[in-house]
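Each chain, letter by letter, is given below.
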Amino acid sequence: MALRYAIMTALIEDELSGYDLAGSFDKSLGFFWHASHQQIYRELGKLSDLAWVTRRTEAQKGRPDKILYALTDAGREALDEWVLTKDRMRLQETKDELYIKLYNLSESNIDYLRTRLRERREAMMQRLYLYERIRRRHYGDPETLPLRRKGVYLALLGGITGGKQYLAWCDEALELLAGAAEDTSTAAKADTA
């Protein structure tokens, strides 16, 4: 997915500054599509050149002027067309160094990799806690949501379901490696005896 469509999605309902957009990515869309603040500002310039977003300057007292972006009708049409294009299915993250490191599992690195797995598990627990807070606070009764908000809820639900599966994988990996670490330790003691 091109970053431009994620940005235009964030602008569907509100006029936002680049700073606000970056915050929106950090708190919402960023769970599913990562972008740096620099990438967001660069893409806003391109969207403005395409006339898919407008820019207006709002004066602020004691601070630099704020530039606000809004989705144009042409931008809405482009976004509607994009929604109907075939998406690239990614069933899981395609680039994760940990998976490659696990291919190189050995007695010399098993403790290190177990530590990385525990850290991943903890990070996912924190993310799931945040997802659940968002769900309880904003999506307690999904049946009554307006149509667009149902879509946001479904994306959140996908993140929750995927996160729970990742936790289950971490637990299984840690259990398997705990047994392997014990076997390695027992074998090392037998060699020294």
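Small disclaimer: the values here were computed from a predicted structure and weren't measured.

Considering the overall build of the protein
- Helix and strand content of the protein: seven helices and three strands.
- Sorting the 193 residues of the protein into buried and exposed places 28% on the buried side.
- Within the protein, contacts between residues at least 6 apart in sequence are counted, and of these 58% link residues at least 24 apart.
- Accessible area of the protein: about 13,500 Å², with a carbon and sulfur share of 53%.

A look at unusual backbone geometry
- Although it is not a glycine, Ala51 adopts a positive phi angle of roughly 65°.
- Within the secondary structure, Ala51 sits in the loop between helix 3 (37–49) and strand 2 (53–58).
- Look at Ala51 and you get partly exposed, because its relative accessible area is 43%.

Considerations on helix 3
- Under the 1.5 Å per step criterion, the end-to-end length of helix 3 is 19 Å for 13 residues, consistent within 8% with the ideal 18 Å.
- Ile40, Glu43, Leu44 and Leu47 are the residues of helix 3 that are buried. Seen along its axis, helix 3 keeps its buried residues to an arc of 110°; they face one direction. Turned more than 90 degrees off the buried face of helix 3, the exposed positions are Gln38 and Asp49.
- Ala51, located one to two residues past helix 3, shows a positive phi value of around 65°.

Considerations on the layout of surface pockets
- As a volume, the second largest pocket reaches approximately 190 Å³.
- In terms of lining residues, the second largest pocket is bounded by Ser17, Gly18, Tyr19, Asp20, Tyr41, Gln60, Arg63, Asp65, Lys66, Ile67 and Tyr69.
- The class makeup of the residues in the lining of the second largest pocket is four nonpolar, three polar and four charged.

Regarding the packing of helix 1 (residues 3–10) against helix 3
- As a packed pair, helix 1 and helix 3 sit with axes 10 Å apart at the nearest point and diverge in direction by 85°. Classified by the angle their axes make, helix 1 and helix 3 are roughly perpendicular. Of the residues in helix 3, those touching helix 1 at Leu3, Arg4, Ile7 and Met8 are Gln39, Ile40, Glu43, Leu44 and Leu47.
- Of the residues assigned to the contact of helix 1 with helix 3, the class counts are six nonpolar, one polar and two charged.

Digging into the packing of aromatic side chains
- According to the stated counting rule, one finds five aromatic pairs in the structure shown.
- Ring centres 6.5 Å apart and planes at 40° place the aromatic pair Tyr5 and Trp52 in the tilted group. One end of the pair, Tyr5, is in helix 1; the other, Trp52, is in the loop between helix 3 and strand 2, with 47 residues separating them in the sequence.
- Tyr5 gets classed as buried once you look at its relative accessible area, which sits at 15%.
- Accessibility expressed as a relative area gives 18% for Trp52, which makes it buried.
- Both rings, one in Tyr139 and one in Tyr153, keep their centres 6.0 Å apart while their planes meet at 40°; by these two values the pair is tilted.

A closer look at the sheet that holds strand 2
- What the three strands build is an open sheet, ordered 1-3-2; its pairing is antiparallel. In the strand order of this sheet, the two ends are held by strand 1 (16–17) and strand 2, each with one partner.
- Judged from the six bridges that link them, strand 2 and strand 3 (residues 66–71) form a sheet pairing that is antiparallel. Counted as the bridge partner of Thr54 is Ala70 from strand 3.

The rules we used
Residues numbered from 1 in each chain as written. Predicted model: local features only at pLDDT ≥ 70, side-chain atom pairs only at ≥ 80, totals over all residues. Heavy atoms only, no water. Helix = DSSP H or I, 4+ residues; strand = E, 2+ residues; numbered from the N terminus. Buried < 20%, exposed > 50% of the residue type's maximum accessible area, 1.4 Å probe, protein only. Contact = heavy atoms within 4.5 Å. Areas by Shrake-Rupley, 256 points an atom, 1.4 Å probe, with all protein chains shown as cover. Expected span 1.5 Å × (residues − 1). Arc of directions from axis to C-beta. 1 Å grid on protein atoms, 1.4 Å probe; cavity = no way out; pocket = protein on both sides within 12 Å on 5 of 7 lines; lining within 4 Å. Points joined across faces, edges and corners; volume = space filled by probe spheres on them. Nonpolar A, V, L, I, M, F, W, Y, C, P; charged D, E, K, R; others polar. Axes fitted to C-alpha atoms, helices over the stretch in contact; angles between N-to-C directions. Parallel < 35°, antiparallel > 145°, perpendicular 65-115°, else oblique. Phe/Tyr/Trp six-rings, centres within 6.5 Å; stacked < 30°, edge-to-face > 60°. Pairing = 2+ DSSP bridges.

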